[in-house]
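Chain by chain, the residues:
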Amino acid sequence: MSLSNPFSSTDNKAGTSQAPLLNLEFQKHVVEFTFPLPKEVEEITRDTEVYNGVLNWNTEHAAVVTQTHCFVWNYSGSDSVKQLFEQETPIYKFKMPMCDDDDDILDDLSNHHKLPLVCIIPSNQYQKPGLLACSRRGEFRYWEDITRESVFEDHYSSLKVYLQEGDFGTHLACHETHQSSQDSCIIIFGSAKSVLYRINISKTGMNSSSLSRSVGIMENFSSYLWLSSKYDTGDIITTTLGNKLENNLLSEVFVLMDKSLEKWAFGQTRSANKYVQGQDIYDNIIREIYSNDSRIKKTDQVDLKLLDIEFARNNELVILVSYFFGSNQNEIVESKNLSYALVILSTEEVQFSDAVIYKVDNIHGLKNQSNLSLGPQANLVVPNGGPAVFVVFPQAIIITTILEGSSYSNIVSLQDPIGDRIIGFCGEGSKSWHDRNIDRVSRISILTAKTGIMTCKLNLVEIMNERDHTHDQMNLDNSQEMRDRELKRMLEQAVFNTSEKVPVTNYISCEHGGDINSAAIEISDEIMNSRSQYLLDFIELKSQLNDRCNKMILLIQIIKFSNMLNELHPSTRQHLFWNAEKMACALKLWEYYNASLSLRGQTEEPQRKLLVSAIQEYLQERKIQIKPNEDIARFFFRFHVRDIGSIFIYIERVINECHVQEDNLLIPEANNIILLSFEAAFNFRRTNKDLYAITSSCLKESWTFHPELLKVLHQQFEKTSDIILDSDTQYDAEKIESLKDQLVKLADILLGATSERLNCDDSITREDAQIYRNEWTTILKKLVRVGKSDDAFILSETYEEYKILVDLIMYNGQNINHFIKKYVNKYQENFEYPLYEWYVEKELYADLLNQSHAYEYKDSLQKFLDERNLNGISWMHDIYLNRYGDASIKLRHLARNQPRVDRNKTFLSISKLSFLAELGDEIDLKNEDVQRNLDEIDNGFELLKAYSDLQHQFVSLIISQSQYYDTESKQVNAIMEETAGSWKHNKPALAQIYEKQVIKIIDGEIIPTSGLVEVMTLADKKMENAFPFALQFTLNDNKLSEDHRRTILQTIWRRIYLNDNWENLLDTSNISDEELNEHIKSTFVYIALEIVNRSVTGIPLNQWFYPPAEAFFSSTIEQFHKWFPLLSEEQIKSLIEDYLKENDILKDLIENYHLNKYVEYALGLLDLKSKFG
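Residues numbered from 1 in each chain as written. Predicted model: local features only at pLDDT ≥ 70, side-chain atom pairs only at ≥ 80, totals over all residues. Heavy atoms only, no water.

Enquirer: Before we move on, can you summarise the overall build of the protein chain with the specific residues and values?
Expert: A count of helices and strands for the protein chain gives 41 helices and 30 strands. Every one of the 1173 residues in the protein chain was classed for burial, and the buried ones make up 51%. A total accessible area of about 56700 Å² is found for the protein chain, and carbon and sulfur atoms account for 46% of it. (Helix = DSSP H or I, 4+ residues; strand = E, 2+ residues; numbered from the N terminus. Buried < 20%, exposed > 50% of the residue type's maximum accessible area, 1.4 Å probe, protein only. Areas by Shrake-Rupley, 256 points an atom, 1.4 Å probe, with all protein chains shown as cover.)

Below you can see the structure in the form of structure tokens.
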């Protein structure tokens, strides 16, 4: 059974007159949707990743808890219909105590286990209930009533429970006694290190007491006499009340831990709490599971987990456990095939002591009757001590009983187990005292993250009546095999005895106890293979096939009508669906073949016998024996429809073995057979997939997914195309037109089958399909070639292949503008972008910009050009649209990327003209944006001027020589002698770099900033203001990484210091102050500082100036590899050696020539010393 209704309303407990919004009634249980989530809470569960829920039966309050807040609302006494539409339930938002983010203890916990622990506390008379919350580290907050006023931060009492180092809270419970007040409830807080605390709430505030396990001598003896191990130091999982006690004691309390069970006697609020005993129950339960679960071998290992506990009637304890098993530990971990069971513990009293011995009295295995994967989280709810039992999972609830002699079990699953989950639950009298008679109807309420609040009820009266009736008939065979056989018999009766006029009147009881999956598969297979004894013996095959098809559909309809569809596993539904689909195809194919028998005088013999020949090859290859003179076709359609997908492969074989002349006759016939079968399959799939819950991920089980069928379809397409295009084909116009129609349908099926496989989760299937996906353009172009362009266009649209659609339009060459306009209006960017890509890929830039649609759809074209970063043509479109400012920016970017000076200058010039055109007649030079753009352009021109000056300088050096240099190498050598003669032998690696840059500059090429800096700062004859220019170019180059920029700036400043003559300042005794100032102002240091500081406004000094102590070369080999990936290891090492030589000279200047002092002096003259700091 599945919950599919999205709404819920208030809890429908006894005494509540409000009717539920929806009441799903079954034979023994009912599910009521009673209260929807309030709007604010619905938003929280939708948008918050980690949260939990709380429900309280007596107070009828619900809460959703996040890591920071708790949202509480009352779901009783409201008009649920009004709430459904208006959702105006008051929500009270309380701020939770939180753990510190840096708490190392909780780092290893999941986010769910970091959520605060929350309890709703019962109210005193005529008061609202209270709210208790604590963090995992023991920070408690208590609000004495849940009202609007209480949400303010100063309206709560607080308490700190000091946990041991490394410990954290795992359990918080408020056990309500029948007095149901704040003073009489038992509040227990437990930790991961098995420490228990009792939290007391009074009018004066809160307090806590740690519970000691120490006992007296005699009590200690009797208590430990029955222990099979030491204290359990694991987590405290949960607690439950036991029997009500007398005198100063209030109640028994049972504490479930990782492997043991403890018993306590709790007193009144201010009375002592007494530890009674602890007993290891883990090993005893495992031993019983070994003997109870027939699946477990003696050699298997069992991994057991204790999940929850309830105290039931007759002093029994019910423990919910999960376990999985395997032959070794790795198998256990990998399988994770969880089983669940209810363990019933009975007690045997110990003389002279309060202690008891716990014995496993019974184990009830829980059966997952759905296709959901449950667990590992689960909780136990036993309302009023039973006998009804509800096991609550996040996705479902198993409903059962602990009644002796009753095997009743059912499962209620959420319709959307992925998007919805159960986050809270409660039951009347759960984990409390049980001092009243057994309920006639047992019930619990649950809170889900998406649906809201629901109530599940179990009719115990009917179950007990049925148990008593069954007890009188114990002589009946009650085996599983018998129940399965009986279910199959009932299902067969329903399928084969149902009138066609009323197809779903038969009903199969949900109490059958048999396996619906195996029964349905057996019946379906027997129908498909004509093996069912109930099938009518039609001589006419068409009627027999039609009857089998109807029975296939009736089978699933009756299962659905009987509310058993959700009991079918997905694999079962798929199996039934593919069987039914094969039958539908077989019926259509036989009808076609049968009609051809009536027209045998009008068709060629090979053509008519193609299907029979293929079936014959199939039977021979499979070594299937048939009777003499058996009708091969009828035999196949009666008994071998399961292999219908293979027949088309044998059809292809028959064609390939024929002569060319016969081949031309058989290909159209093969097309008819294949197309008819595929169309029948697709039609059946479209009509019935919802009934069977079939999705695209299931398609790989269909006969249409046979691995060889794509090849068959493609070969048929190619052969059909060849016949149409063959001028020697002896076909009249009508037959050619028929072949063209077949070609279109083959293309459609081929594209569809390929598309299905491309979405499959099997990588090999996807790889095989991709081979044919790569042929789509060719396939559709052949349709265009044979005059089926409209069909080719439609197929491209159907499969959303707009790139192919563009190719087809251009390939067709007719009415191009008409089709472009049509599809642009229809699909907009989905078609426009592939259209523009087509022009770009073929480098038809002028055609792209000159087409009529270029202006009509100018905005989308501009967006495409910008997104693809096609600035090389985008700027022209900008100018065409009068967007001069955008064009100017793009032209600047293009200029920076040009490899040659002349092209750079051209783009930069057009950029300036475009920018001026954007400004129009009135140019405001004071405008910051205008000035910034003009400065950026001018900086570009300055860089180009530097290149021109260097080129002119080098050329002038050659011309000025008396000797004529007729080769480039001689010219470069001459330049090297004139500009690098003083250092090229001392720095060979730098000289090699320098020479390569000289060659490029002479040739008019743009070189990287690092190369330009080397040329400008190393040359013996430097151009005017070379150092300031080098600094500015380095600062303006956006392509440089920050570490590379820093290294280049350090190099420039280092060479500035090395190029100044500091010897003149060693002795200043004969120099006046004015002369000293003039000398400093003439240094490269001063000039560079003055020029650059004036031109780079807005950039802090410390980002471009490096004093002597910071100008040393310090880069690594790894950095050089990153900056210059084409240089070898040896070249980089040589370069570094040359740079280190500069370090030695700089060090000497600092130590012996007072360099630091004079640089600071220069900064002072320029009022920059304070800026450098």
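Enquirer: Could you give an account of helix α21 (residues 802-812), with specific residues and numbers?
Expert: Of all eleven residues that make up α21, nine are buried, and the element is covered over most of its length. Among the residues of α21, Tyr802, Ile804, Leu805, Val806, Asp807, Leu808, Ile809, Met810 and Asn812 are the ones counted as buried. Just downstream of α21, Gly813 is the residue with a positive phi angle, here 75°.

Enquirer: Report on unusual backbone geometry, specifying residues and quantitative values.
Expert: A cis geometry characterises the amide bond from Gly386 onward to Pro387, with omega recorded as 10°. The topology assignment puts Pro387 in the loop between β24 (379-381) and β25 (388-392). Phi at Glu60 is positive, roughly 55°, even though this residue is not glycine.

Enquirer: Help me get a handle on helix α37 (residues 1084-1095), residues and values and all.
Expert: An α-helix turns once every 3.6 residues. As a result, residues three or four positions apart point the same way. The end-to-end C-alpha distance of α37 is 16 Å, a good match for the 16 Å that twelve residues give at a rise of 1.5 Å each. Those residues of α37 hidden inside the fold are in contact with α34 (1026-1036), α35 (1042-1059), α36 (1073-1081) and α40 (1155-1165). (Expected span 1.5 Å × (residues − 1). Contact = heavy atoms within 4.5 Å.)

Enquirer: With reference to specific residues and values, describe the packing of helix α23 (residues 829-841) against helix α26 (residues 858-867).
Expert: Orientation of α23 relative to α26, taken along the N-to-C sense of each, is 60°, at an axis distance of 10 Å. Classified by the angle between their axes, α23 and α26 sit oblique to one another. The interaxial crossing formed by α23 with α26 has right-handed handedness. Along its contact with α23, which presents Glu829, Glu832, Tyr833, Tyr836, Glu837 and Val840, the element α26 presents Ser860, Leu861, Lys863, Phe864 and Glu867. (Axes fitted to C-alpha atoms, helices over the stretch in contact; angles between N-to-C directions. Parallel < 35°, antiparallel > 145°, perpendicular 65-115°, else oblique. Left-handed = near helix turned anticlockwise from the far one by under 90°.)

Enquirer: I'd like to hear about the sheet that holds strand β20 (residues 301-311), residue by residue, with values.
Expert: Strand-to-strand pairing in sheets goes through backbone hydrogen bonds, with the strands running parallel or antiparallel. What the four strands build is an open sheet, ordered β20-β21-β22-β23; its pairing is antiparallel. Each edge of the sheet is formed by a strand with only one pairing partner; in this case those strands are β20 and β23 (356-366). On average, adjacent strands in this sheet sit at an angle of 30° to one another, irrespective of strand direction. Where strand β21 (residues 317-326) lies against strand β22 (residues 339-349), seven bridges are found, and the strand directions are antiparallel. Looking at the pairing, Val318 lines up with Ile344 of β22. Lying over the sheet, helix α4 (residues 282-292) contacts β20, β21, β22 and β23, oriented at roughly 110° with respect to β20. (Pairing = 2+ DSSP bridges.)

Enquirer: Tell me about the sheet that holds strand β6 (residues 69-74), and please be specific about residues and values.
Expert: Pairing is antiparallel in the open sheet, where four strands are placed in the order β4-β5-β6-β7. Each edge of the sheet is formed by a strand with only one pairing partner; in this case those strands are β4 (52-56) and β7 (92-95). Averaged over all pairs of adjacent strands, the angle between their axes in this sheet comes to 20°, without regard to strand direction.

Enquirer: Quick one: what's the story with the nonpolar core, residue by residue and with numbers?
Expert: Counting residues in hydrophobic clusters, the biggest one holds 130 residues, and the most contacted among them are Ile559, Phe637 and Ile651. If near-sequence neighbours (up to four positions away) are discounted, Phe637 is found in contact with Leu541, Leu545, Arg548, Ala586, Leu589, Trp590, Leu611 and Ile615. Counting residues in each nonpolar core, the second largest holds 50 residues, with Phe915, Ile937, Ile993 and Leu1012 among its members. (Core = buried A, V, L, I, M, F, W, Y, C linked by side-chain atoms within 4.5 Å.)

Enquirer: Could you give an account of the environment of Asp361, naming the residues involved and the relevant values?
Expert: You can see Asp361 is positioned in strand β23. Judged by relative accessible area, Asp361 falls into the partly exposed class, the value being 49%. Along the backbone, Asp361 and Glu288 are 73 residues apart, and their C-alpha atoms lie at a distance of 9.3 Å. In contact with Asp361, other than residues within four places in its own chain, are Glu316, Ile344, Leu345 and Ser346.

Enquirer: Give a description of the pattern of salt bridges that names residues and reports values.
Expert: All chains considered together, the criterion is met by 35 salt bridges. A salt bridge links Arg685 to Glu756; the shortest N-O distance between them is 3.1 Å. With a gap of 71 residues between them, Arg685 in helix α15 (residues 660-692) and Glu756 in helix α17 (residues 733-758) connect regions that are remote in the sequence. Across this residue pair, the class does not change: Arg685 and Glu756 are buried. Because the salt bridges share partners, they merge into one network encompassing Lys987, Glu1014, Arg1054, Arg1055 and Glu1142. (Salt bridge = Lys/Arg side-chain N within 4 Å of Asp/Glu carboxyl O.)

Enquirer: How would you summarise the pairing of strand β14 (residues 196-202) if you had to cite specific residues and measurements?
Expert: Here β14 lies mainly inside the structure; six of its seven residues are buried. Examined bridge by bridge, strand β13 (residues 186-191) and β14 share four bridges and lie antiparallel to one another. In the strand pairing of β14, Ile188 is matched with Arg198. Between the end of β13 and the start of β14, which pair antiparallel, lie four residues, with Ser194 showing a positive phi angle near 65°. Sheet topology places β14 next to strand β15 (residues 205-211); seven bridges connect them, and they run antiparallel. Residue Ile199 lies in a different strand from β15, and its bridge partner there is Ser208. Linking β14 back to β15 in an antiparallel pair, the connection comprises two residues.

Enquirer: Before we move on, could you go through the confidence of the model for the protein chain and cite the residues and values that matter?
Expert: Averaged over every residue, the pLDDT of the protein chain is 81; the share at 70 or more is 85%. Confidence over residues 499-507 falls short of pLDDT 50; this stretch has 17 contacts with residues more than four positions distant or in other chains. (pLDDT = per-residue confidence, 0-100.)

Enquirer: Tell me what's going on with the state of the cysteines, and back it up with residues and numbers.
Expert: According to the stated counting rule, one finds zero disulfides in the structure shown. Cys174 forms no disulfide, and the closest cysteine sulfur to it belongs to Cys185, at a distance of 3.6 Å. The exposure class assigned to Cys174 is buried, which follows from its relative accessible area of 15%. (Disulfide = S-S within 2.5 Å.)

Enquirer: Please provide a residue-by-residue account of the packing of aromatic side chains, values included.
Expert: As enumerated under the stated definition, the model contains 45 aromatic pairs in all. Between Tyr833 and Phe864, the aromatic rings sit 5.2 Å apart at their centres with planes inclined by 70°, giving edge-to-face as the arrangement. Of the two residues, Tyr833 sits in helix α23 while Phe864 sits in helix α26, which places them 31 residues apart along the sequence. When the ring of Trp1053 is compared with that of Phe1105, the centres are 4.9 Å apart and the planes differ by 90°; the resulting orientation is edge-to-face. Taken together, the residues Trp1053 in helix α35 and Phe1105 in the loop between α37 and α38 (1117-1123) connect sequence positions 52 residues apart. Note on accessibility: Trp1053 and Phe1105 belong to one class, buried. Within the aromatic cluster, the residues linked to one another by ring pairs are Trp590, Tyr593, Tyr618, Phe636, Phe637 and Tyr650. The aromatic ring of Tyr282 is capped on one face by Lys259, whose charged end is 4.9 Å from the ring centroid. In this structure, Arg892 packs its charged tip against the face of Phe915, placed 5.9 Å from the ring centre. (Phe/Tyr/Trp six-rings, centres within 6.5 Å; stacked < 30°, edge-to-face > 60°. Lys NZ or Arg CZ within 6 Å of the ring centre and 35° of its normal.)

Enquirer: So what's going on with a negative patch on the surface? Which residues, and what values?
Expert: A cluster of acidic side chains, namely Asp1073, Glu1074, Glu1075 and Glu1078, defines a negative patch on the protein surface. With respect to the helices and strands, Glu1074 occurs in helix α36. Taking the relative accessible area as the measure of exposure, Glu1074 reaches 56% and is therefore exposed. (Patch = residues over 30% accessible without salt bridge, like charges linked within 9 Å, V, L, I, M, F, W, Y side chains within 5 Å. Lys, Arg positive; Asp, Glu negative; His and termini not counted. Charge placed at Lys NZ, Arg CZ, Asp CG, Glu CD.)

Enquirer: Account for the pairing of strand β28 (residues 422-427), with residues named and values stated.
Expert: Along β28, five of the six residues are buried, which leaves the element largely enclosed by surrounding structure. As judged from the five bridges shared by β28 and strand β29 (residues 441-448), these two strands associate in the antiparallel manner. Residue Cys426 lies in a different strand from β29, and its bridge partner there is Ser445.

Enquirer: How would you explain the packing of helix α14 (residues 644-656) against helix α16 (residues 709-725) if you had to name every residue and give the values?
Expert: Between two packed helices, what matters for the description is the angle formed by their axes and the separation of those axes. Here α14 crosses α16 at 40°, and the two axes come no closer than 10 Å. Between α14 and α16, the angle is such that the two are oblique. Of the two possible hands of crossing, α14 and α16 adopt the one that is left-handed. Judged by residue contacts, Gly645, Phe648, Ile649, Glu652, Ile655 and Asn656 of α14 engage Leu709, Val712, Gln715, Gln716 and Lys719 from α16. Its residues assigned to classes, the contact of α14 with α16 comprises five nonpolar, four polar and two charged. (Nonpolar A, V, L, I, M, F, W, Y, C, P; charged D, E, K, R; others polar.)

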